[in-house]
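Below, each chain spelled out in residue letters.
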Amino acid sequence: MAPTLSKYITTQSVLGAASVSVFLLLLRMRRKSERSKKLRKAAHTDIQYVVGEKSTTKTKAQVDALFFRQLRKLLGIVVPGVLTPETGYLVLIAAALVARSLCDLWMIQTGTHIETAIVNMNAKVFRRKILLFALAMPFIAMVNNVLKYGIWELKLRFRTRLTHYLYDHYLKGFTYYKMSNLDNRIANADQLLTTDVDKFCETVTDLYSNISKPMLDMSIYVYRLTTRLGWATPSLVFLYLLFAGFLLTYLRRPTGRMTVVEQKLEGEFRYINSRLITNSEEVAFYQGNHREKLTLLASFEKLTNHLRKFLEFRVGMGIMDNIIAKYLATVVGYYAVSVPFFNRNHPLLSGLAQEERFRQYYTSGRMLVKLAEAIGRLVLSGREMTRLAGFTTRVTELIKVLNDLNQGHYERTMITNGTVSSIITDKSGLLVSASKKSSMPLIPGSGRIIFQDNIIRFDRVPLVTPNGDILIEELTFEVQSGINVLVCGPNGCGKSSLFRILGELWPLFGGTLTKPPRGKLFYIPQRPYMTLGTLRDQVIYPHTREEMMRRGRTDAELTQHLDRVKLSYLLSARESGWDAIEDWIDVLSGGEKQRIAMARLFYHKPQFAILDECTSAVSVDVEGSMYQYCRESGITLFTVSHRRSLWKHHEVTLTDSFGGT
């Protein structure tokens, strides 16, 4: 009985049983994981949120004519001209690819000679060829690494070009502010500016290599096979290439859209994590760690669900890729190379001896294997091209929004009383939506701004939010230099809106605004911004040290400003003095940051300053001395505050009664 059973115990049967066992084990583990996931999911299934983008239209990203137009525009950015370093590296990569293909061809021929010498026991030829083979290895290794260097450097240069281009537009004027406050087509611009740009440059560079090398190999091997075997063999291979390429491109169409969704969900998950870090103190006071955990898990659940669907799709496509681009290609290759050898009347092979026919078949077979590999890589590169379509769509959308914002065109989607509505401005600036408070036409940019020193004048200027809500239909007042104004009123009456229009952050919907140029108007919020850098950088922001020196300002002057706000101990307590580098947001207390902001105001010495509750954490005596110095320096103040101690420093009070709100 034992011998009867033993004949069924073969390597194939053991491997088959092991494969089935592993599959059943993985299936059982997945079912257990799904049961536990359902238990966990019950805790955060009711968590709903919206991050930035509220558009319900699905983004289409696939390899089509639109993709090639978008890619051509982006390539025009990263390769701006012929006589550029990027073009030089493209040529270097092309030359390295040619050298590598020639090296592969030489290695095939030399390897054939070495193996023939071994079979024929020709020691002299063997020693000569093996020595030549060994001497060529350093050159081949150098060619391979020059190719890698060219690809890495080209990717870095592409990213540098594209990053500089995007930041030139993103940080032009107040575009960075408008993108997050006036327009909500782009959520998580940081994700696009960093991760998506990097992946786009990496994919397009790799694709250049992965397409150029197979096409070059195909050209070389087709030529050599044609001279050895005729046109029949390469023609069959190319027909199969066309069939496989069209079929796989059609099957891969969802990849681009799924890549876009993946990047959006990755950015959303990262945003929610960074949001927790930014608001950690408020969350801690509310003991909201459990609620934030549910939100994070809900975001992570959306991301992992999509990644799992994407993974299942890629596994299915991977099976199809392997079957069509590798295994069937090998079958077609064997058939194609057999055609001339089975033809007894073939003009190039019929008169050869058996040994020579064997050598021709061996060399041609290797070339055909390389040709099949090249065709496989070219077909599989379509997968990367489909993925590139997703990144191209994302980066193109970012550039489109940046250009629109720089031209005064923005779109904003709102949810009001359960109804989704949109505010869209066309190229002429017409606003499609209007508030119910007034029937007046809302046309962003229809107002007029006049730049004039020593005066601020609002002449029939409406205060309108980016959502289209009209806070005040018409606002008219005038303030000359030397007249400090105290602005009072409840929340929502338009105080911050007034300052945003004055600072040109919001568009002017009508009337005439007369104001000093931007450099002569300064704004200090309740929570002042601390930049990354030295102690000096905190006072002179946004100037650099070089600009400060160019303007003839000195550290001694900065020291006087620090004395005026009672912060001289910050300088004496640090060995590096003004060059001390700290994480100033965490090092300084709230009151110290507000006093640093006042020292910053003294340094810039503008004509007008807007102080938005910027001394709420400062003692009354220090606050009084700072306001007194502003008057002595000729800085006219617009102050938002509820402290009665500040009334004596202002001549005029602006309240909500003027707007009737």
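Only a predicted model underlies this, so the values are computations on that prediction, with no experimental measurement involved.

**Q** Looking at this structure, I do not really get the nonpolar core. What am I missing?
**A** Nonpolar side chains in soluble globular proteins generally cluster together in the buried interior. Leu 162, Met 179, Phe 200, Phe 458 and Phe 638 are the most contacted members of the largest nonpolar core, which totals 68 residues. Considering each element in turn, this core owes the most residues, 10 residues, to helix α12 (residues 354-406). Counting the residues that make up this core, at least three belong to each of domain 1 (72-407) and domain 2 (443-660). Apart from residues no more than four positions distant in its own chain, Met 179 is found in contact with Tyr 170, Asn 184, Ile 186, Ala 189, Leu 398, Val 401, Leu 402 and Leu 405. Residues Ile 540, Leu 558, Leu 601 and Ala 609 belong to the second largest nonpolar core, which totals 35 residues.

**Q** Help me understand the packing of aromatic side chains in this model?
**A** Describing an aromatic ring pair means giving the distance of the ring centres and the angle of the ring planes. Evaluation of the coordinates by the stated rule reveals 10 aromatic pairs. Here Tyr 167 and Tyr 170 contribute two aromatic rings whose centre-to-centre distance is 6.3 Å and whose plane-to-plane angle is 70 degrees, an arrangement assigned as edge-to-face. Of the two residues, Tyr 167 and Tyr 170 both sit in helix α5 (residues 123-170), three residues apart, roughly one turn of that helix. Judged by relative accessible area, which is 33%, Tyr 167 ranks as partly exposed. A connected cluster of aromatic rings, assembled from ring pairs, spans Phe 458, Phe 477, Phe 499 and Phe 638.

**Q** Any chance you could explain the environment of Ser 616 here in plain terms?
**A** The residue Ser 616 is located in the loop between β11 (608-612) and α20 (620-633) in this model. For the pair formed by Ser 616 and His 642, sequence separation is 26 residues and the distance between their alpha carbons is 9.1 Å. When residues no more than four places from it in sequence are discounted, the contact partners of Ser 616 are Gln 526, Gln 594 and Arg 643. Side-chain polar atoms of Ser 616 contact the side chain of Gln 526, separated by 3.4 Å. There is a polar contact of 3.2 Å between the side chain of Ser 616 and the side chain of Gln 594.

**Q** What exactly am I supposed to notice about the environment of Thr 249 here?
**A** Along the chain, the position of Thr 249 falls in helix α8 (residues 232-251). Distance from Thr 249 to Met 385, taken between C-alpha atoms, is 9.3 Å for residues 136 residues apart in sequence.

**Q** Sorry if this is basic, but what is going on with the UniProt feature "transmembrane region" (unreviewed entry) in the chain here?
**A** The UniProt entry lists residues 6-27, 130-152 and 231-251 under the feature "transmembrane region" (unreviewed entry), expressed in the numbering used here. Structurally, residues 130-152 comprises 100% helix and 0% strand, and the distance from its first C-alpha atom to its last is 33 Å. Helix makes up 95% of residues 231-251 and strand 0%, with an end-to-end C-alpha separation of 31 Å.

**Q** Honestly, the sheet that holds strand β7 (residues 512-515) in this entry has me stumped. Any pointers?
**A** Strand pairing in a sheet relies on backbone hydrogen bonds, with the paired strands running either antiparallel or parallel. The mixed open sheet is built from four strands, whose spatial order is β3-β7-β4-β5. If you trace the sheet from one side to the other, it starts and ends with β3 (448-451) and β5 (470-480), each paired once. On average, adjacent strands in this sheet sit at an angle of 20 degrees to one another, irrespective of strand direction. Summarising the sheet, strand β4 (residues 455-464) and β5 pair through seven bridges and their orientation is antiparallel. The partner of Arg 457 across the bridge, within β5, is Glu 478. In the packing of helix α13 (residues 495-502) onto the sheet, the strands contacted are β4, β5 and β7, and the crossing angle to β4 comes to about 120 degrees.

**Q** Looking at this model, I keep getting lost on helix α3 (residues 65-78). Mind explaining?
**A** Because an α-helix packs 3.6 residues into every turn, residues spaced three or four apart end up facing the same way. Here α3 spans 20 Å end to end across 14 residues, near enough to the 20 Å set by a 1.5 Å rise per residue. Listing the buried residues of α3 in full gives Phe 67, Gln 70, Leu 71, Leu 74, Ile 77 and Val 78. Taken end-on, α3 shows its buried residues confined to a sector of 110 degrees, consistent with a single buried face. The exposed set on the far side of α3, more than 90 degrees from its buried face, consists of Arg 72 and Lys 73.

**Q** Explain the confidence of the model for the chain here, please?
**A** Averaged over every residue, the pLDDT of the chain is 78; the share at 70 or more is 80%. Across the chain, the secondary-structure element scoring lowest on mean pLDDT is strand β2 (residues 419-424), at 44, and the one scoring highest is helix α16 (residues 555-564), at 93. In this model, residues 414-438 is a region of pLDDT below 50 whose contacts with residues beyond four sequence positions or in other chains number 57 contacts.

**Q** Help me understand the sheet that holds strand β6 (residues 485-487) in this model?
**A** The five strands are arranged β8-β11-β12-β6-β13 in an open sheet whose pairing can be described as parallel. The open sheet has two free edges, formed respectively by β8 (521-524) and β13 (652-654), since each of these has just one partner strand. The mean inter-strand angle of the sheet, taken between neighbouring strand axes irrespective of direction, is 20 degrees.

**Q** Quick question: what am I supposed to make of the pattern of salt bridges here?
**A** Pairs can form between side chains of opposite charge whenever their charged atoms are close. Taken as a whole, this structure holds 23 salt bridges when the rule is applied. For Arg 550, the salt bridge goes to Glu 547, with nearest N and O atoms at 3.8 Å. Taken as a pair, Arg 550 and Glu 547 lie in helix α15 (residues 545-550) at a separation of three residues, close to a single helical turn. According to the relative accessible area criterion, Arg 550 is exposed, its value standing at 63%. Three or more residues joined by partner-sharing salt bridges are found here, namely Arg 536, Arg 545, Asp 555 and Asp 579.

**Q** Any chance you could explain α16 here in plain terms?
**A** Listed in full, the buried residues belonging to α16 are Leu 558, His 561 and Leu 562. One side of α16 holds all its buried residues, which, seen down the axis, span an arc of 100 degrees. The elements touched by buried residues of α16 are α14 (535-540), α15, α17 (568-572), α19 (590-604) and α20. Trailing α16 by a residue or two, Lys 566 shows a phi angle of about 60 degrees, which is positive.

Reading the values: rules and limits
- Residues numbered from 1 in each chain as written.
- Predicted model: local features only at pLDDT ≥ 70, side-chain atom pairs only at ≥ 80, totals over all residues.
- Heavy atoms only, no water.
- Core = buried A, V, L, I, M, F, W, Y, C linked by side-chain atoms within 4.5 Å.
- Buried < 20%, exposed > 50% of the residue type's maximum accessible area, 1.4 Å probe, protein only.
- Helix = DSSP H or I, 4+ residues; strand = E, 2+ residues; numbered from the N terminus.
- Domains from an automatic or database assignment.
- Contact = heavy atoms within 4.5 Å.
- Phe/Tyr/Trp six-rings, centres within 6.5 Å; stacked < 30°, edge-to-face > 60°.
- Polar contact = N/O pair within 3.5 Å; in protein donor to acceptor, adjacent residues only side chain to side chain.
- UniProt positions renumbered as here; feature names shortened; annotations may be inferred.
- Pairing = 2+ DSSP bridges.
- Axes fitted to C-alpha atoms, helices over the stretch in contact; angles between N-to-C directions.
- Expected span 1.5 Å × (residues − 1).
- Arc of directions from axis to C-beta.
- pLDDT = per-residue confidence, 0-100.
- Salt bridge = Lys/Arg side-chain N within 4 Å of Asp/Glu carboxyl O.

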